[in-house]
Every structure is written in C-alpha cells, then in structure tokens.
Amino acid sequence: MREIDHSLPGDTLEHLDEMTCMLYVERQLDRTRGQEISQHVQGCSQCRTLLRAMERESRLLTRAMLEEEEPLPSRLAQFQDRARRSMQWIWGVALGLAATGVYALYTSYVEPWQSQLDQAGFGGSNLLSLLIFQGAFWKGWQSVITLLEVLAILTLAGFGLAFFRRRSRRGSAFALVLAGFCVIAALVPPAASASVTRKGNFVEVKEDEHIKGDVFLFGERVRVNGTVDGDVFVFSTDATVSGHVTGDVIAFAQSLHVSGEIDGNIRSFNNNLTITGTVTRNLLIFDETLNLDSAGKVGGSVTSFTKSLNLDGNVGRDLLLFGEHIGIAGSVGGGIQARGRTLSISSGAQVHGPISFTGDEPPEVSSQARLASPVDFHRAEHKPRYTEGSVYVWQVIWAAAFILFGLVLFNLMPGFCREAVANAERYGASGGLGVLVLFGIPIAAIIACVTVVGLFIGVSTLFIWFECLHFAQIVVGTLVGQWLLGRTSHVWPLIGRMAVGIVVVRICTNIPFAGPWIKFFVIVWGFGAIALAVYRRLEPSSGAAAVVPSQPLMPPLPPTTTVGGAQLA
Amino acid sequence: MKLREKLIQYDQTRSFSAWLYKVAANHCWDMLRRRKIRQDKETDDLENVPLEHPDPNQLDRLIEQKTSEEVRHALDKLGARARMALVMRYYSDMSYDEIADALGVRRAFVGVVLLRARHELRQALGATGALAAGGAS
C-alpha cells in the first residue's frame with residue numbers, strides 16, 4: 001500500500017491534529033511519522049485521548065455496520081457458503097451423533113435405572129409404563145427421573161408430534177397433546193374420589209377405624225393407628241404409622257416412625273425415618289437419617305439417599321445406598337451396593353449377596369460378621385474429572401442431545417422459539433424475570449402439590465419448569481450462535497446457529513470453577529426470555545384493552561416506562 | 001444491466017469488490033450530475049474547507065455513549081458521498097487506493113473525505129457544538 005505524504009507541523013509538536021491521528025490509527029503514515037507520533041502520545045495525555053477516541057470511533061463504525069444486515073466477515077461468509085453446500089453432510093453427521101447419543105443414554109442410564117427400579121419393586125416392564133401408566137409418576141414422582149431419561153423421552157415425543165403435525169392440520173398435534181393430558185387428568189380423579197382427606201393440628205386414623213381407599217393426612221402430628229385399605233399420603237411434622245396399611249405409605253414429614261405393618265412400599269422425604277415395624281415390599285428413601293430397628297423388617301429392597309443410615313433389622317433383598325455414614329448390623333437377603341464416606345459392618349450382620357462399596361475410607365468389617373463374600377472396596381477418587389477422557393465423550397453426547405432437543409423445539413414451535421431468542425436480547429428484563437420465574441415457579445408448584453386438588457397442576461408445572469431449564473440453555477445458545485454467525489429469521493439457519501451456540505455454551509459451562517456460575521446465569525437469562533415470550537402470548541391485545549373502559553386505576557405511565565421488557569409506545 | 005455492460009471492462013488482476021463499488025459509485029454520480037445537484041464534490045473544495053478540531057475528552061465520551069443502533073441511524077442521515085466513504089472503509093475494509101479509485105478522487109484526499117464524513121457523522125449524532133467547543137491546535 002502506498003504511504004500517504006502527510007507531514008506533521010514539525011518536530012516540536014504541541015498537539016496532534018485530528019487528521020494525523022486518523023491516519024496514524026489507520027496505519028497510513030510512514031514509519032518515521034508513526035514513530036514520532038508514538039513518542040509524542042506517550043507524553044501527551046490529550047493526544048492520547050484523541051487517538052483512543054478515534055480508534056474507538058473506527059471500531060464503533062465497523063461494529064454498527066456489521067451488525068446491521070448480517071454481513072459476515074468475508075472469511076466467515078465463505079465458510080458459511082461452503083457449509084451450506086455441504087449441509088446435508090453436516091446434518092447427517094449431527095443426526096448420527098445424536099442417534100448414537102440417544103442409544104448411549106438408553107444403554108448407560110435408562111436401562112440400568114430401569115432394571116434397578118424393577119429390582120426395587122416398582123414393577124413395570126419399561127420406563128414409560130413405570131412413569132405414567134402405573135401411577136408412579138403421579139404419586140411417586142420422587143422415583144428417580146433423571147434428566148437424561150426426560151430428554152430421551154421428550155425427544156421421542158417431539159419426533160412423534162412433528163410426525164403428526166406434518167401429516168395433519170395445524171394445531172392438531174397440540175390438540176392431541178391436550179387430549180392426552182385430559183385423559184390422564186380424567187384418570188386421576190377416580191383414584192382421588194375414593195380417598196379420605198383429613199386436616200388439622202392433630203390428625204388420626206383411630207385404632208378401631210378401617211378405611212377403604214387412599215388416605216391423605218395433613219397435620220402437625222399425624223397418627224395412623226387403624227387399618228387403611230389403600231395408600232396413605234402423609235404431610236406432617238411428626239408422623240407415626242402404627243396401624244396396618246395395605247398399600248403404600250408416601251410421606252413428607254420431618255419425623256416418621258413406622259411401627260405398624262405396611263403391605264406395600266414406603267416412599268418418603270423426611271428428616272428422620274425410624275422403622276420398628278414391618279414393610280412387606282420396598283423402601284425408597286430421601287432422608288437425613290434412616291434407622292431400621294432390630295425389630296424392623298423390610299421384605300423387599302432398600303434404595304436410600306440418606307446422610308446417615310443404620311440398618312439393624314432385616315432386609316429381604318438388595319440394598320442400594322448413597323450416604324455419608326452407612327452402618328449395617330442386621331440381615332440382608334441380597335447384595336449391597338453402597339457409595340459414601342464410611343461403611344461399617346458390625347458383628348451381628350449377615351449379608352447373603354456380594355458387597356460393593358465405593359468410599360473415602362476402607363470399610364470397617366467385624367470379623368464376626370457373616371458375609372457371602374469379602375467387601376469389594378473402591379476408593380472414591382476425587383481427582384479432577386477433566387482428566388478423564390470419558391468426560392469429553394459425554395460432553396459431546398450431551399451437546400448432541402441438546403441440539404436434538406432444540407431441533408425438535410424449533411420445528412414444533414418456530415415462532416415461539418424465535419420470540420424467546422429475540423427476548424433474550426432484552427438483558428435486563430430477561431435477567432430479572434428469569435430470577436423470579438426460576439425460583440417462583442417451583443415454590444408455587446410445590447404449594448399446588450400440597451393442596452391435593454392441585455397435585456396434577458403442580459407436578460405438570462414442575463415438569464415443564466424442569467424442561468425449561470434445558471430450553472433456556474438452547475435459547476441462549478441460539479443467541480450466542482447469532483452473535484457469531486449473524487442474525488437470521490429463517491428456521492433452518494436459526495437451527496444451525498443454535499447448534500453452534502450450544503456447543504459454545506456447553507464449553508463455557510464446563511470451564512472449571514466458573515462453569516457452574518456461567519450455567520446458572522445462562523439458565524436465569526434463558527428462563528427470563530422464555531417467560532417474556534409466554535407473557536407476550538398471554539397478555540391481552542391492545543384492542544381488547546380498549547374495549548374495557550375502566551381498566552386504568554393507576555395513573556398512566558410515562559411513555560418511556562418499561563413494562564415486562566417492552567417499552568410503551 | 002449496467003453492470004453487465006461494464007463487466008467486460010473488469011480487470012481480473014484487481015479486486016472485484018473495489019471494481020464493483022467503482023461502477024456503483026460512478027453510476028450514482030452520473031445520476032446526481034444529471035439532476036444537477038452534485039456540488040462541492042471535487043477535491044479542491046474539500047481541501048479548502050477547514051475542519052473544527054474536536055475536544056478529545058468530549059469526543060471520547062461521545063463515542064463511549066453511542067450505541068451501534070444510534071450510529072446506524074446517524075449514518076442514514078449522512079450525504080451519499082460521506083456514507084459511501086465510511087462504508088467502503090469500515091465495512092468493506094477497502095484500502096485508501098481502492099476508495100480513491102471508487103470515489104474518483106486523488107488518494108491524498110481520501111483521508112479528508114473520511115474525516116469530513118466522520119464530522120458529519122458526529123454532527124448527526126447530535127454533538128457538534130460540544131465537540132467543536134474545545135480542542136487543541
């Protein structure tokens with residue numbers, strides 16, 4: 001490039017003129033002039049400021065023009081052209097990867113959990129029947145629903161919906177979903193209609209009482225001394241079941257003591273659970289402490305997520321235990337799989353199956369304990385997971401699963417997805433609303449669950465909320481993709497940007513230390529954007545508002561006021 | 001149509017985008033000339049127009065405050081020549097030689113054109129008075 005001949009006023013520069021600054025910034029001066037100016041600005045703050053301002057002005061101009069009409073830098077544009085030409089290959093690879101991901105998810109997570117849950121006595125020949133048709137989803141949604149399972153199910157459901165949507169008129173797929181929900185909703189009330197609900201400070205099923213049907217008990221103190229021919233649902237601070245329950249006991253209590261006879265299962269979320277009675281089938285426990293007294297007996301298996309667990313009684317089948325301190329002193333008919341900090345097996349213990357323990361410290365095993373085989377101990381490794389190669393493989397599979405999920409969503413509801421992505425650019429509104437919705441919805445849903453009538457709504461809301469955690473990441477990923485590759489309003493290019501963006505977001509959320517925080521902010525941000533899109537859909541149209549004359553009870557807002565992220569005209 | 005006619009004149013050893021801009025620019029100038037509204041477009045005029053020197057601090061603050069969207073709005077208000085010069089330089093990343101070629105001015109005056117365009121832009125951004133108030137010589 002030819003250098004421009006633009007001389008400075010002299011060696012003893014007072015201040016640089018604007019033209020010189022601009023030419024210097026744009027590298028249009030020869031080397032000698034450039035050095036003179038460099039030297040001058042080192043000692044002259046005013047000229048330094050001017051240079052900086054002009055440099056920033058150049059950048060601002062470039063940015064402003066590049067942002068306007070998706071003009072990619074030429075290298076990117078060329079790459080995009082090449083990518084467009086080989087799009088079929090890219091999608092082939094992406095879908096192949098995603099299919100591999102789904103298969104890997106199924107074999108690595110869904111199948112083992114299914115067999116585990118089968119073994120734990122939840123019955124059912126497959127996961128869907130476990131979740132939906134056997135009612136476990138509705139009354140026992142605490143049974144483990146992993147994120148991956150949900151993703152896999154939703155992906156399948158999404159493909160199904162897309163298939164129906166393509167073959168039928170617009171909206172019929174949604175009608176189908178709605179009808180499905182209605183059918184499920186219709187199936188729930190008959191069970192509830194035969195139920196008995198009792199509320200109060202002290203709630204009791206008296207000793208001489210015999211209730212046929214399910215019982216819902218809400219109270220500070222709950223006592224079940226009589227016989228219940230059905231399931232018992234307990235929401236209480238202090239609960240005792242000393243009677244006979246032919247069905248399951250599902251409890252949300254601070255303290256639960258079971259001294260009676262339960263023919264079914266116990267599924268509980270408690271602080272303390274003590275069992276001195278008999279449970280014919282299985283335990284699924286999320287507690288702080290679990291004590292199975294020496295007089296206590298569990299006919300089936302125990303699946304427990306507890307901090308401290310003492311097992312002095314008898315268990316007929318296997319144990320699957322996750323806890324800090326695990327103590328076994330009773331009899332176990334099957335094997336034990338445990339993961340925690342410590343495991344101690346006392347002298348009175350009898351274990352008829354293999355024992356596997358993964359923990360921080362070697363297990364303490366009494367020499368008098370009668371074990372079918374020695375404990376297979378694996379020391380829990382706390383090395384950074386980043387050193388394991390499998391982590392990266394799983395990250396790729398995760399990213400593929402997210403892309404697949406996004407693909408389904410973008411095809412099912414393109415308009416809504418576009419709105420959500422556009423809303424994500426309203427950073428303040430999205431962030432604020434995101435915090436509110438992220439924490440507000442679960443609280444509201446749990447309150448709805450506690451009021452029995454709202455159980456269906458509460459559980460459904462929680463389910464949707466849970467899915468939105470992933471949708472939020474997809475929304476933000478799409479926005480990031482747009483930042484990188486430019487804006488577009490077409491669905492397939494948008495999906496392409498979504499794929500690129502999700503990869504970037506997944507990389508960022510896996511950065512050591514900062515990653516979890518990034519993920520949190522991404523979720524809050526995306527959640528807010530989704531909530532804004534929902535709000536826009538639900539808000540009444542201006543035409544409808546005009547019909548109602550007595551609407552504004554408060555003084556009108558000034559024109560620049562922001563309401564729900566939208567500036568009033 | 002015009003482009004097709006001119007295509008045979010394209011020199012393959014030179015940048016296509018620069019050539020394209022030149023054709024487009026010449027076409028625009030022709031149209032403007034026909035309407036007899038092309039004034040002070042020659043470099044002699046530019047050379048003689050003094051530019052107000054901005055106050056560095058105020059300019060810095062102005063640039064900091066403005067968003068891309070505001071700049072785009074301001075660009076819309078600029079004259080054709082100024083906008084074209086800015087687009088060629090900061091969007092198309094054309095060299096001074098290419099810009100000179102496209103605008104039909106001497107290379108030495110490309111800087112003047114660009115600086116004038118920047119001044120127009122600042123004026124459109126609504127800060128002329130403030131920027132011209134101070135400054136160094």
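No experiment lies behind these values; they were computed from the predicted model shown. (Residues numbered from 1 in each chain as written. Chains lettered and ligands numbered in written order. Predicted model: local features only at pLDDT ≥ 70, side-chain atom pairs only at ≥ 80, totals over all residues. Heavy atoms only, no water.)

Undergrad: Could you clarify how one ought to interpret the pattern of salt bridges in this entry?
TA: Where charged atoms from two side chains of opposite charge come close, those side chains can pair. For the structure shown, the criterion picks out 13 salt bridges over all chains. The salt bridge partner of Arg118 of chain B is Glu57 of chain A, with a shortest N-O separation of 2.6 Å. Residue Arg118 of chain B is located in helix 8 (residues 110-124), and its partner Glu57 of chain A is located in helix 3 (residues 45-68); the two belong to separate chains. For the pair Arg118 of chain B and Glu57 of chain A, one class covers both residues: buried. The partner of Lys212 of chain A in a salt bridge is Asp229 of chain A, with the nearest N and O atoms 3.7 Å apart. Remark: Asp229 of chain A occurs in strand 4 (residues 227-229) and Lys212 of chain A occurs in strand 2 (residues 210-212); sequence separation between them is 17 residues. Classification of Lys212 of chain A as exposed rests on a relative accessible area of 62%. (Salt bridge = Lys/Arg side-chain N within 4 Å of Asp/Glu carboxyl O. Helix = DSSP H or I, 4+ residues; strand = E, 2+ residues; numbered from the N terminus. Buried < 20%, exposed > 50% of the residue type's maximum accessible area, 1.4 Å probe, protein only.)

Undergrad: Would you explain the nonpolar core in this entry?
TA: In globular proteins that are soluble, nonpolar side chains generally tend to be buried together. Among the nonpolar cores identified, the biggest contains 48 residues, and Leu61 of chain A together with Leu75, Leu86, Leu103 and Leu114 of chain B are the most heavily contacted of them. The dominant element in this core, judged by the number of residues it contributes, is helix 3 of chain A, at 9 residues. Apart from the residues lying within four places of it in its own chain, the contact partners of Leu75 of chain B are Leu61 and Met65 of chain A together with Arg83, Leu86 and Leu121 of chain B. Counting 47 residues, the second largest nonpolar core, distinct from the first, contains Val222, Ala253, Leu321 and Ile326 of chain A. (Core = buried A, V, L, I, M, F, W, Y, C linked by side-chain atoms within 4.5 Å. Contact = heavy atoms within 4.5 Å.)

Undergrad: Please clarify how the sheet that holds strand 6 (residues 244-245) of chain A should be interpreted in this entry.
TA: Each strand in a sheet pairs with its neighbour through backbone hydrogen bonds, running either in the same direction (parallel) or in the opposite one (antiparallel). All names here are of chain A. As summarised here, the arrangement of the 10 strands in space is 2-4-6-8-10-12-14-16-18-21, forming an open sheet in which the pairing is parallel. The strands lining the two open edges of the sheet, one partner per strand, are strand 2 and strand 21 (370-371). Here 2 bridges tie strand 16 (residues 331-332) to strand 18 (residues 350-351), and the two strands are oriented parallel to one another. Opposite Ser331, over in strand 18, you have Gln350 as the bridge partner. (Pairing = 2+ DSSP bridges.)

Undergrad: I keep staring at the packing of aromatic side chains and nothing clicks. Help me out?
TA: The relation between two aromatic rings is expressed through the spacing of the ring centres and the mutual angle of the planes. Residues and elements named next belong to chain A. All told, the structure shown has 17 aromatic pairs over all chains when counted by the stated rule. For the pair Phe357 and Phe377, a centre-to-centre distance of 5.8 Å together with 25° between the ring planes defines the contact as stacked. Placement of Phe357 in strand 19 (residues 355-359) and of Phe377 in strand 22 (residues 376-379) is noted, with a sequence separation of 20 residues between them. For Phe357, a relative accessible area of 0% translates into the label buried. Clustering of aromatic rings is evident, with ring pairs tying together Phe218, Phe235, Phe252, Phe269, Phe286, Phe305 and Phe322. For Lys199, the ring lying beneath its charged end belongs to Phe218, and the centroid distance is 5.6 Å. (Phe/Tyr/Trp six-rings, centres within 6.5 Å; stacked < 30°, edge-to-face > 60°. Lys NZ or Arg CZ within 6 Å of the ring centre and 35° of its normal.)

Undergrad: Would you mind going over the pairing of strand 15 (residues 319-328) of chain A with me for this structure?
TA: Side-chain positions along a regular strand alternate between the two faces of the sheet. All names here are of chain A. Burial within strand 15 is extensive, with 7 of its 10 residues counted as buried. Here strand 13 (residues 302-311) runs beside strand 15; their pairing, made up of 8 bridges, is parallel. Across the sheet, Phe305 pairs through a bridge with Phe322, a residue of strand 15. One ladder, built from 9 bridges, connects strand 15 with strand 17 (residues 336-345); its direction is parallel. Directly across from Leu319, in strand 17, lies its bridge partner Ile336.

Undergrad: In this structure, what is going on with the interface of chain B and chain A? I would like to understand it.
TA: One frequently used descriptor of interface size is the decrease in accessible area upon assembly of the parts. The interface of chain B with chain A comprises 36 residues on the first partner and 32 residues on the second. Between chain B and chain A the total buried area reaches about 3,200 Å² when both faces are included, carbon and sulfur atoms providing 60% of it. Area buried by chain B at its contact with chain A is led by Tyr90, Arg107 and Arg118 of chain B, which between them contribute 20% of it. At the surface where chain B touches chain A, the tally comes to 5 salt bridges. A salt bridge links Arg122 of chain B to Glu18 of chain A; the nearest nitrogen and oxygen atoms lie 2.6 Å apart. Seen at the junction of chain B and chain A, the total is 12 residue pairs in polar contact (both at pLDDT 80 or more). Listing elements by their share of the side of chain B that touches chain A, those giving two or more residues are helix 4 (56-65), helix 5 (68-77), helix 6 (80-91), helix 7 (96-103) and helix 8 of chain B. If one sorts the elements of the side of chain B that touches chain A by residue count, helix 8 of chain B sits on top with 8 residues. Partitioning the side of chain B that touches chain A into residue classes produces 17 nonpolar, 9 polar and 10 charged. (Buried area = accessible area lost by both parts, 1.4 Å probe. Polar contact = N/O pair within 3.5 Å; in protein donor to acceptor, adjacent residues only side chain to side chain. Nonpolar A, V, L, I, M, F, W, Y, C, P; charged D, E, K, R; others polar.)

Undergrad: Is there a simple way to explain helix 10 (residues 389-412) of chain A in this structure?
TA: In an α-helix, one turn spans 3.6 residues, which is why side chains three or four residues apart end up on the same side. For helix 10 of chain A, spanning 24 residues, the distance from its first C-alpha to its last is 35 Å, which sits close to the expected 34 Å at 1.5 Å a residue. Most of helix 10 of chain A sits out of view: 17 of its 24 residues are buried. (Expected span 1.5 Å × (residues − 1).)

Undergrad: Would you mind going over unusual backbone geometry with me for this structure?
TA: It is generally the case that most residues other than glycine have a negative phi and that most peptide bonds are trans. Residue and element names in this part refer to chain A. In the Ramachandran plot, Arg27 falls in the positive-phi region, its phi being about 55° despite a non-glycine side chain. Within the element layout of this structure, Arg27 appears in the loop between helix 1 (18-25) and helix 2 (31-43). Given the relative accessible area of 70%, Arg27 is considered exposed. Even without being glycine, Phe513 reaches a positive phi, approximately 70°.

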